[in-house]
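Tertiary structure, described
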Amino acid sequence: MGADAANIALFDDCLAARLDPQTRAYWQKKIGPRRRIEMFARGLYNHGPLGRFIGLLHVVARLHGKKLGGLLDAKTSREQRIAFDTLVAPLFESAAVKLISKSPLSLYALGIPPAQYDALVSSGNGDAVHVLRERVERLACDFPMRDNYFA
């Protein structure tokens, strides 16, 4: 699991001694007050570019009075559609999301290289927001939440 305090003990007790010195030093290195391995106790996925971007989107949502966690509460595809339409879709009209989507650098931070950004924009007739909205809609509405890895 990416967020479990027991991961630290597993690392210390079972894994650390089996790693080569360079790898062990990497994970044991202090980053601020904590060791790097402690990311596995606090939610590893929150620390990468995508996790930080999703965190930013949650902030944008809260600034617009929306709580994206409501999407995860959906039990049926109809509830997912309603949650998307009321919680997520309006965010694509916000100035912040439009600004972020216009910048290849912003999306590069998500792992979308410039050439892929250009292809993305081209597929949406120059409108990256439209393409991003369409893809997020697919992720949010086309699969049951309990089976949705991205949720």
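Refer to the structure presented above.
If you're wondering where the values come from, they're calculated on a predicted model, not measured in any experiment. (Residues numbered from 1 in each chain as written. Predicted model: local features only at pLDDT ≥ 70, side-chain atom pairs only at ≥ 80, totals over all residues. Heavy atoms only, no water.)

Examining the packing of aromatic side chains
Considering all chains together, one arrives at 2 aromatic pairs under this definition. Considering the side-chain rings of Tyr26 and Trp27, the 5.1 Å spacing of their centres and the 90 degrees angle between planes classify their relative orientation as edge-to-face. Connected via pairs of aromatic rings, a cluster forms that spans Tyr26, Trp27 and Phe40. One Lys or Arg, Arg36, reaches over the ring of Tyr26 and ends 3.8 Å from the middle of that ring. (Phe/Tyr/Trp six-rings, centres within 6.5 Å; stacked < 30°, edge-to-face > 60°. Lys NZ or Arg CZ within 6 Å of the ring centre and 35° of its normal.)

Describing the nonpolar core
Counting 24 residues, the largest nonpolar core has Leu68, Leu71, Phe84, Val88, Phe92 and Tyr117 as its most contacted members. Elements that contribute at least two residues to this core include exactly α4 (49-63), α6 (77-88), α9 (114-123) and α10 (128-141). Here this core gets 6 residues from one element, more than from any other, and that element is α10. In this structure, Leu68 is in contact with Leu57, His58, Ala61, Leu87, Val88 and Leu91, ignoring residues within four places of it in sequence. If you look at the next biggest cluster of nonpolar residues, it comprises 5 residues, including Ile8, Ala16, Leu19 and Ile37. (Core = buried A, V, L, I, M, F, W, Y, C linked by side-chain atoms within 4.5 Å. Buried < 20%, exposed > 50% of the residue type's maximum accessible area, 1.4 Å probe, protein only. Helix = DSSP H or I, 4+ residues; strand = E, 2+ residues; numbered from the N terminus. Contact = heavy atoms within 4.5 Å.)

As for the pattern of salt bridges
Scanning all chains against the criterion turns up 7 salt bridges. In this structure, Asp85 and Arg81 form a salt bridge, with 3.5 Å as the shortest nitrogen-oxygen distance. With a gap of 4 residues between them, Asp85 and Arg81 both fall in helix α6, about one helical turn apart. Its relative accessible area of 30% is what places Arg81 among the partly exposed residues. Across the pair Glu137 and Arg81 runs a salt bridge, and its minimum N-O distance is 2.5 Å. Taken as a pair, Glu137 in helix α10 and Arg81 in helix α6 lie far apart in primary sequence, 56 residues in all. (Salt bridge = Lys/Arg side-chain N within 4 Å of Asp/Glu carboxyl O.)

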